[in-house]
Amino acid sequence: MKKLAVFVVLGLASTVAFADITGWANQTDRDWVYVQSPVGSGGTWAGMFTFTITSGNLPDGSGAFDQFQAFCIDLSEYVSQSCPYEIVDLSQVPTPEIDPWQPMGADRANLVRELYARSYNELFDGDHDTRDRQAFQLAIWEIIYELDDQDQPGFGDVRSGEFWAFGLSSGVANVANGWLGELTGFGPYANLIGLESQDQFPNAGQDFVTLISVPVPGAVLLGLLGLGLVWRNGRRTS
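Residues numbered from 1 in each chain as written. Predicted model: local features only at pLDDT ≥ 70, side-chain atom pairs only at ≥ 80, totals over all residues. Heavy atoms only, no water.

On average, the protein chain scores 80 in pLDDT, and the residues at 70 or more come to 77%. The low-confidence segment residues 1-17 (pLDDT under 50) makes 71 contacts with residues lying over four places distant or belonging to another chain. Low pLDDT, under 50, characterises residues 214-238; the predicted model gives this stretch 46 contacts beyond four residues in sequence or across chains. (pLDDT = per-residue confidence, 0-100. Contact = heavy atoms within 4.5 Å.)

Written out as structure tokens, the structure is:
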């Protein structure tokens, strides 16, 4: 099967038609894990990225030389340095590994928003931060790669199902599964954006999710209400 190498930084040049920001990505709080997923199996880094913006601005006003934190969306895409990104609504981030013709969609995006709203602050409380940042990345991948149906066996457990990880450091799986078990599909929701890579090199199109501090525009909220806030109350519990 295809070997995954999600977080290898290549330092490639890019040729693009449009970008909202460019930035350098640095990943320090990470651990090597082994992953089995619908797109392949192999070893990869799981953890949090810190971006330094080199040009452009985020919606919250962050600009050149400012830093922000982000997590990966794709499993089989590399991260290239000084990569341009288009800022998009999280639900519109492409997920070609799941469906070549469809974006992430409202259901997955809303659960990632809820995960951030409920658990993101725990990544900075000084208590096992590195472990928690690894667990947070695995929880995001669980939502993206496992969520075909919230009732399906395996969803909510990063150690089983279509997506599962092994070779984890102590406590990582329990933390990730605990956060996933808190999700209801009814919020609260964090204000997130997607960063869609505009890199033209093959397999160098890693997309990211990040938190911004400005309020969600009313039109976006109405769209979320219409698309993704209705969540069947049949979530599997362990």
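From this point, the narrative continues.
A cluster of nonpolar side chains, namely Trp32, Tyr34 and Phe166, defines an oily patch on the protein surface of about 280 Å² accessible area. Inspection of the secondary structure assignment puts tyrosine 34 in strand E1 (residues 21-37). Taking the relative accessible area as the measure of exposure, tyrosine 34 reaches 38% and is therefore partly exposed. (Patch = residues over 30% accessible without salt bridge, like charges linked within 9 Å, V, L, I, M, F, W, Y side chains within 5 Å. Areas by Shrake-Rupley, 256 points an atom, 1.4 Å probe, with all protein chains shown as cover. Salt bridge = Lys/Arg side-chain N within 4 Å of Asp/Glu carboxyl O. Helix = DSSP H or I, 4+ residues; strand = E, 2+ residues; numbered from the N terminus. Buried < 20%, exposed > 50% of the residue type's maximum accessible area, 1.4 Å probe, protein only.)

A word on the packing of helix H2 (residues 129-146) against helix H3 (residues 172-181). Each pair of packed helices can be described by the angle between their axes along with the distance between the axes. In the contact formed by H2 and H3, the axes pass within 8 Å of each other and the chain directions differ by 50°. Taken together, the axis directions place H2 and H3 in an arrangement best described as oblique. Viewed along their axes, H2 and H3 form a crossing whose handedness is right-handed. For the pair H2 and H3, contact is made by Arg131, Asp132, Gln134, Ala135, Phe136, Leu138, Ala139, Glu142 and Ile143 and by Val172, Val175, Ala176, Trp179 and Leu180, respectively. Here the contact of H2 with H3 is composed, by residue class, of 10 nonpolar, 1 polar and 3 charged. (Axes fitted to C-alpha atoms, helices over the stretch in contact; angles between N-to-C directions. Parallel < 35°, antiparallel > 145°, perpendicular 65-115°, else oblique. Left-handed = near helix turned anticlockwise from the far one by under 90°. Nonpolar A, V, L, I, M, F, W, Y, C, P; charged D, E, K, R; others polar.)

This paragraph deals with a negative patch on the surface. Taken together, the side chains of Glu122, Asp125, Asp127 and Glu182 make up a negatively charged region of the molecular surface. Along the chain, aspartate 127 turns up in the loop between helix H1 (106-119) and H2. Judged by its relative accessible area of 42%, aspartate 127 is partly exposed. (Lys, Arg positive; Asp, Glu negative; His and termini not counted. Charge placed at Lys NZ, Arg CZ, Asp CG, Glu CD.)

As a further point, take the nonpolar core. Counting residues in hydrophobic clusters, the biggest one holds 59 residues, and the most contacted among them are Phe71, Leu90, Tyr116, Phe136, Phe208 and Val209. Counting residues per element, this core draws most heavily on H2, which supplies 9 residues. Filtering out sequence-adjacent residues up to four positions away, leucine 90 remains in contact with Ile73, Met104, Ala109, Val112, Arg113, Leu192, Ile193, Gly194 and Val209. (Core = buried A, V, L, I, M, F, W, Y, C linked by side-chain atoms within 4.5 Å.)

Okay, unusual backbone geometry next. For the bond running from glycine 187 to proline 188, omega is 10°, close enough to zero to count as cis. The residue proline 188 is located in the loop between H3 and strand E6 (192-197) in this model. If you check the backbone angles, phenylalanine 65 has positive phi at about 80° while not being a glycine. Counting through the fold element by element, phenylalanine 65 comes out in the loop between strand E2 (40-56) and strand E3 (67-72). Phi at histidine 128 is positive, roughly 60°, even though this residue is not glycine. Residue position: histidine 128 is located in the loop between H1 and H2. Under the relative-accessibility criterion, histidine 128 is labelled partly exposed at 48%.

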